[in-house]
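# Structure at a glance
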Amino acid sequence: MFVCNLLIQLKDEGNKHFQAGEIDQAIECYTKAIKACKDKKAQAVIYRNRSACFLKKENYSGAASDASRAIDVDASDIKALYRRCQALEKLGKLDMAFKDVQRCATLEPKNKTFLETLRRLGAEIQQKTTFSTDSRVQNMFDILLSEEEDKEKKEKAANNLIVLAREDAGSERIFQNNGIALLMQLIETGKVEMILAAIRTLSGMCTGHRARATAIIHMIGINKLCSIMGMDNEEIALATCNLFQCVYESLSGADSRIYGKEEALVLDSSKDLKTILLALLEMIGSKNVSGYGRDQALNLLTKNVPRKNKKDSDHSKSLFTIDNGLRKILKVCGQVPDLPDQLAMTDNTQLIASVLLNKLYDDLRCDPERDNYRDICDEYINKFDPNDMDRNIHAINALSGLLQGPFDVGNILVGRQGVMEMMVALCASEREVDQLVAIEAIIHGSTKMSRASFIISNGVSLLKDIYKKTKNEKIKIRALVGLCKLGSAGGDDYSMRQFAEGSTEKLAKQCRKWLCNPSLDVRTRKWAIEGLAYLTSDADVKDDFVEDEPAMRAMFELAKSRDKTILYAVACTLVNCTNSYDKKEIIPEMVQLAKFSKQHVPEQHPKDKKDFIQRRVKRLLKAGVISALAVMVKADSSILTDQTKEMLARVFLALAEDPVDRGTIVAQGGGKALIPLAIEGTDLGKIKASHALAKIAAISKPEIAFPGERVYEVIRPLVSLLNTERDGLQNFEALRGLTNLAAMNEKLRVKILKEKALPEIENYMFEEHDQIRQAATECMCNLVCSKEVQDRYLEDGNDKLKLLVLLCSEDDEDLQIAAAGALAMLTAAQKKLSVKMTKVTEQWLEILQRLCLHDNPQVQHRGLVMVFNMLDADEELAKKLIESELLEILTYVAKKEDNPKIQAGIDAARACLSKAMDLGLIKPFKQ
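Residues numbered from 1 in each chain as written. Predicted model: local features only at pLDDT ≥ 70, side-chain atom pairs only at ≥ 80, totals over all residues. Heavy atoms only, no water.

### A short note on the side chain of Ser400
Tracing the backbone through its elements, the reader meets Ser400 in helix H21 (residues 389-404). Those residues in contact with Ser400 that sit more than four places away from it in its chain are Glu440, Ala441 and His444. (Helix = DSSP H or I, 4+ residues; strand = E, 2+ residues; numbered from the N terminus. Contact = heavy atoms within 4.5 Å.)

Below, the structure is given as structure tokens:
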């Protein structure tokens, strides 16, 4: 009592001194009161008062410290918050002061003092940040443009500038501080690291901002940017390509961020976009451009010219490109590196050009447009001159490019009078370069069997002759691939072999020999894989290949090399080895009918049966196929075509067939590699990749198979398999995968619901197929943990709850476990559902009793948990349950001796009886 009186006396004295302006005496009284007081709440008030004294004495550290102690006791102490704000402002800690006054304004939104302080501090922080950023920007440029600063300091300044440009506020400060002119000075130094820093900073500045993007291309110039991209440096070419892409997206509206008034100042960007398009087309045919620059110009055209959505009616960019650039693209395809005065190219250039040709042709909408495309190609190619062999092989090489791109156009041109004859004639030429180009054209021109039969009758002897006589390894291996392709023209039809028994095996053996020869360059060894891509349609060849582990490992290493033109051939070889290509269903009755009418009947090779395929898959996995596939998936999008993606997806699906192998696939990164294949590519390829993902997700730990945020990307592909167009196995494994994911956490369950999977899952719960119905119910059992799903069960006018109750009466124990589990969780989470359950069907009590007496401990436990939830939910319902035979069942189960195998059920029954006693429905037995 004495302490309490003393405390009040000291506090009152302190207040009087403060009001009288005697601050030192007030501090002395408050300090004594703090020492005398043990109650935290009372102490907090005194600390708050002493904080005001320290503010008067300009002891801002002490004021902030005392105010913080008061806030620790009561976080909403508005006086203490504002006093700490005042102290922190004086200490220069504006950000912290701003947070305190922001809290004050939240507690008292109409307080003018708080609002004014909030506005004032906000303005000061903005000014300080702007000044700080401006000085940082200037400092970075000073370091970068200085001749005296060391390399490490310059690298740090360059990285800081790039990071700053990624934020809109930072980009704007660079822009306002004459940044573009200074960045041009960096580019003009000619130093690679300075050019990269400048280009990457410019990319950050124009990303999503039309005004800055327009300023950049006008101040620097599109031609200047093209000349930078054309430099003989891969990093610079790639960085400039990214800058062009950022500019293009900002100008075209593909990046649709809004930046207010500045956007209104920018006029129509169509002229700038057209200028960029023309500049890129000029680049691809220019001799002043490096191979890296040409690749990136082709990549930009491939990405931005064809429509991304075929429903969009505007394809004017494709028509413009065909009219102004098709001949230039054909010029790239026609280059022969062995001839003098050719355009600079990388290993990938001509394949990228073929991909662009294909995408442009696919983007056309009507026959007259396609006719125009073919006419331009025909005019470019079909000008053979007996006196100009260089012109002839250029035309044939351009035709090879078409055959690798728009197949229809290429095949039509191959059929033109004189074209095939020119190929055969070039094979007989004495010049090795003529032979090389002609053989490649024959390889690409034998896509259809009708073409292959023409060459068999006219050119096989020539290819054999070249193969035997030439000493040039490049020509020799191409001649071999030509023979390989012709030898595999019958596909996997055992009865349609083109060559004599054993010939294809000999060709394949030679291909494997070259493949394993490290002394040969990558481009030459690539053709060995091309040969195997054709020959492995023969079951004997693919069986020999998978037995040759060094050859497989050599192919996988080549797949990881810089030459990405190899990807298609590797994918073809793997599709053949795993038999993951589409197979026509052979109906016995139709076979008999075909034999009767003397029609050809395809025959299956004995080594194409299931046990042989499984053995080949095991050998591929052992040799490290997954790590190779994971690298292949990461290739540049222009090289990794949709067709190649589809083949990789087919291979993954074949490899994931056996559950035992799925752990190996996950361990080597196959789960992560499948995600992009399931999101982009052909419709069939996405389905195959999604199915492979479902197989992995169904039995693997999601956090291991799809680490980090990747797990959220898996859901959409799995949901895509939940529709009537997919087969039952795909439905089943997708449901199992979703079940596994839904068990992980609430964020994943929310993601599943956002993808609108719930109605599909509910539909499959009505499925006649037992396994699909069970998988759907198990998935629902995990999803009911989500509040959104619970709310759907609370809604009136549907039979969702009734279905779960009736599923509990099925004979399938796994189905009963899932359905009863879902009901147990629903009734635990939402008491209203316990009452609603009794109204959905008259059989509810009988079903519940059967669950509680079930022989399976898991089913019984779930039934008893449901009883407990119902007892806890409603007294009337509890009374009804206890008056039924359930009391006898509960007593019977509760009296059982403790047993680990059934203990959960026993404990649940005892809990039910305890609850009934608490409700006064039964009394404890007294002996």
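### A look at the nonpolar core
Generally speaking, a soluble globular protein has its nonpolar side chains buried in company with each other. Among the nonpolar cores identified, the biggest contains 263 residues, and Tyr373, Leu515, Leu629 and Tyr793 are the most heavily contacted of them. Among residues more than four places away in sequence, those in contact with Leu629 are Leu574, Leu648, Val651, Phe652 and Leu655. (Core = buried A, V, L, I, M, F, W, Y, C linked by side-chain atoms within 4.5 Å. Buried < 20%, exposed > 50% of the residue type's maximum accessible area, 1.4 Å probe, protein only.)

### Let's talk about a negative patch on the surface
A grouping of Asp150, Glu152, Glu155 and Glu193 is seen on the molecular surface, where their side chains present a negatively charged patch. As for its placement among the helices and strands, Glu152 is situated in helix H8 (residues 151-165). A relative accessible area of 67% means that Glu152 is categorised as exposed. (Patch = residues over 30% accessible without salt bridge, like charges linked within 9 Å, V, L, I, M, F, W, Y side chains within 5 Å. Areas by Shrake-Rupley, 256 points an atom, 1.4 Å probe, with all protein chains shown as cover. Salt bridge = Lys/Arg side-chain N within 4 Å of Asp/Glu carboxyl O. Lys, Arg positive; Asp, Glu negative; His and termini not counted. Charge placed at Lys NZ, Arg CZ, Asp CG, Glu CD.)

### Regarding the packing of helix H30 (residues 539-547) against helix H31 (residues 549-559)
Closest axis-to-axis distance for the H30/H31 pair is 5 Å, and the angle between their directions is 85°. With respect to their mutual orientation, H30 and H31 come out roughly perpendicular. Contacts between H30 and H31 involve Phe545, Val546 and Glu547 from the former and Glu549, Ala551, Met552 and Met555 from the latter. Across the contact of H30 with H31, the residue classes break down as five nonpolar, no polar and two charged. (Axes fitted to C-alpha atoms, helices over the stretch in contact; angles between N-to-C directions. Parallel < 35°, antiparallel > 145°, perpendicular 65-115°, else oblique. Nonpolar A, V, L, I, M, F, W, Y, C, P; charged D, E, K, R; others polar.)

### Things to note about unusual backbone geometry
Phi is positive for Glu58, close to 65°, though the residue is something other than glycine. Turning to its location among the elements, Glu58 is positioned in the loop between helix H3 (40-56) and helix H4 (60-73). The exposure class of Glu58 is exposed, given its relative accessible area of 58%. The residue Asp341 is not glycine, and still its phi comes out positive at about 60°. Mapping Asp341 onto the fold places it in the loop between helix H18 (316-333) and helix H19 (349-362).

### Here's the deal with helix H49 (residues 813-829)
Compared with an ideal rise of 1.5 Å per residue, which puts 17 residues at 24 Å, H49 spans 24 Å between its outermost C-alpha atoms and is within 8% of the ideal. Within H49, burial applies to Leu815, Gln816, Ile817, Ala818, Ala819, Ala820, Gly821, Ala822, Leu823, Ala824, Leu826 and Thr827. Structurally, H49 contributes buried residues whose contacts are with helix H46 (770-783), helix H47 (787-794), helix H48 (800-807), helix H50 (831-840), helix H51 (844-852) and helix H52 (857-873). Sitting at the amino-terminal end of H49 is Asp812, which places a side-chain oxygen 3.0 Å from the backbone nitrogen of Asp814. (Expected span 1.5 Å × (residues − 1). Polar contact = N/O pair within 3.5 Å; in protein donor to acceptor, adjacent residues only side chain to side chain.)

### As for the state of the cysteines
Following the criterion strictly, the structure yields zero disulfides and no others. A disulfide-free cysteine, Cys333 has its sulfur positioned 9.2 Å from the sulfur of Cys377, the nearest such atom. (Disulfide = S-S within 2.5 Å.)

### Description of the packing of aromatic side chains
Counting across every chain of the model gives two aromatic pairs. Just above the ring of Tyr380 sits the side chain of Arg391; from NZ or CZ to the centre is 5.8 Å. (Phe/Tyr/Trp six-rings, centres within 6.5 Å; stacked < 30°, edge-to-face > 60°. Lys NZ or Arg CZ within 6 Å of the ring centre and 35° of its normal.)

### Points about the side chain of Arg84
Within the fold, Arg84 resides in helix H5 (residues 78-90). Excluding its chain neighbours within four sequence positions, the residues that come into contact with Arg84 are Ala64, Ala67, Ser68, Ile71 and Asp100.

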